[in-house]
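Working through the structure, step by step
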Amino acid sequence: MKRLLVIGTAILMSCTATPSQTSSDMQKNAELLVSESQGGKDEAGFTIIKNEQEFRNAIKGSFGLIDLKKEPSVNYPKFPRNKKVVLYHMGLFRSGSHRITSIKNTSVKNNVLYVEVPATASGGMEIQVLSNPWFIFAVPSDYQFTSVELTYSN
């Protein structure tokens, strides 16, 4: 039964979920590589991804497809070699859409990486589902930080 559930989820996710990519004229200091509205952890947090294999595994694992023998058709963005790649789990939300569509700016102050993203109206009665959004982004390799904080702006 568990295997059937995993296979059913894999089929559903392969039909509906494809990683987001930004255009070729990327921002100078930050680059959004993948953003999804489901598959993250219940608590906010980040991980620095060190190589392309970890990058691919993070994307596959977030879709819940890591146990399948055959990988679904996922268009992986290129792994940036000259930047730090960060996987950020936004935590658990009870309603609304919290998917990140772009990164406006990044800065580091007191070992905290501040990631400025567009503020969007979320919540309300139109969407009442649990979601665990996550996204992967790249910042300059010389950024030194011990925590990540999202800031929202118009």
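The text that follows walks through the structure, step by step, so that each part is easy to find.

Thresholds, definitions, all that
- Each chain carries its own residue numbering, running from 1 in the direction its sequence is written.
- Reporting in this predicted model follows two pLDDT cut-offs: at least 70 for local features of residues, and 80 or more for side-chain atom pairs to be given and counted; totals over whole chains, interfaces and linings ignore these cut-offs and use all residues.
- Only hydrogens and water are set aside when side-chain values are computed; all heavy atoms of the structure are taken into account.
- To qualify as a helix, a DSSP run of H or I must reach at least 4 residues; to qualify as a strand, a run of E must reach at least 2; elements of each kind are numbered from the N terminus.
- Any two residues whose heavy atoms approach within 4.5 Å are treated as being in contact.
- Under the convention used here, a 1.4 Å probe and the Shrake-Rupley method define accessible areas, while residue burial counts only the protein chains that appear.
- For Phe, Tyr and Trp, rings pair up if their centres lie within 6.5 Å, where Trp contributes its six-membered ring, and each pair is then called stacked (planes under 30 degrees apart), edge-to-face (over 60) or tilted (otherwise).
- Being paired, for any two strands, means DSSP has found at least two bridges between them.
- Between N-to-C directions, angles cover 0 to 180 degrees, with each direction set by a line fitted to C-alpha atoms, over the stretch in contact for helices.
- For our purposes a nonpolar core is just a set of buried Ala, Val, Leu, Ile, Met, Phe, Trp, Tyr and Cys residues, chained together by side-chain atoms within 4.5 Å.
- Any residue under 20% of the maximum accessible area for its type is buried, any over 50% is exposed, and the rest in between are partly exposed; the area is computed with a 1.4 Å probe on protein chains only.

Take the overall build of the protein next. Each helix and strand in the protein was counted, giving two helices and seven strands. Each helix and strand of the protein, ordered N terminal to C terminal, gives the series α-β-β-α-β-β-β-β-β. Across the protein, the fraction of contacts at a sequence separation of at least 24, relative to all contacts at a separation of at least 6, is 82%. For the protein, the computed accessible surface area is about 9,300 Å², with 52% contributed by carbon and sulfur atoms.

For the rest of this paragraph, the subject is the packing of aromatic side chains. Counting across every chain of the model gives four aromatic pairs. The structure contains a cluster of three or more aromatic residues connected by ring pairs, namely Tyr 88, Phe 135 and Phe 137.

As a further point, take the sheet that holds strand β4 (residues 105–109). Pairing within the open sheet is mixed, and its three strands lie in the order β4-β5-β7. Single-partner strands in this sheet number two, and they are β4 and β7 (147–153). Taken over all neighbouring pairs, the strand axes of this sheet differ in orientation by 25 degrees on average, direction set aside. Direction of pairing for β4 relative to strand β5 (residues 112–118): antiparallel, over a ladder of five bridges. Each bridged residue has a counterpart across the sheet, and for Asn 105 the counterpart in β5 is Glu 116.

Now for the nonpolar core. When a protein is soluble and globular, its nonpolar side chains tend to lie buried together. Of all hydrophobic cores here, the largest spans 17 residues; its most connected members are Ile 103, Leu 113, Val 115, Phe 135, Phe 137 and Val 148. In this view, Phe 135 contacts Leu 32, Val 34, Ser 35, Val 86, Leu 87, Tyr 88, Met 90, Ile 100, Ile 103 and Leu 150; residues no more than four positions away in its chain are not counted.

Scope: geometric values only; no functional claims are made or implied.
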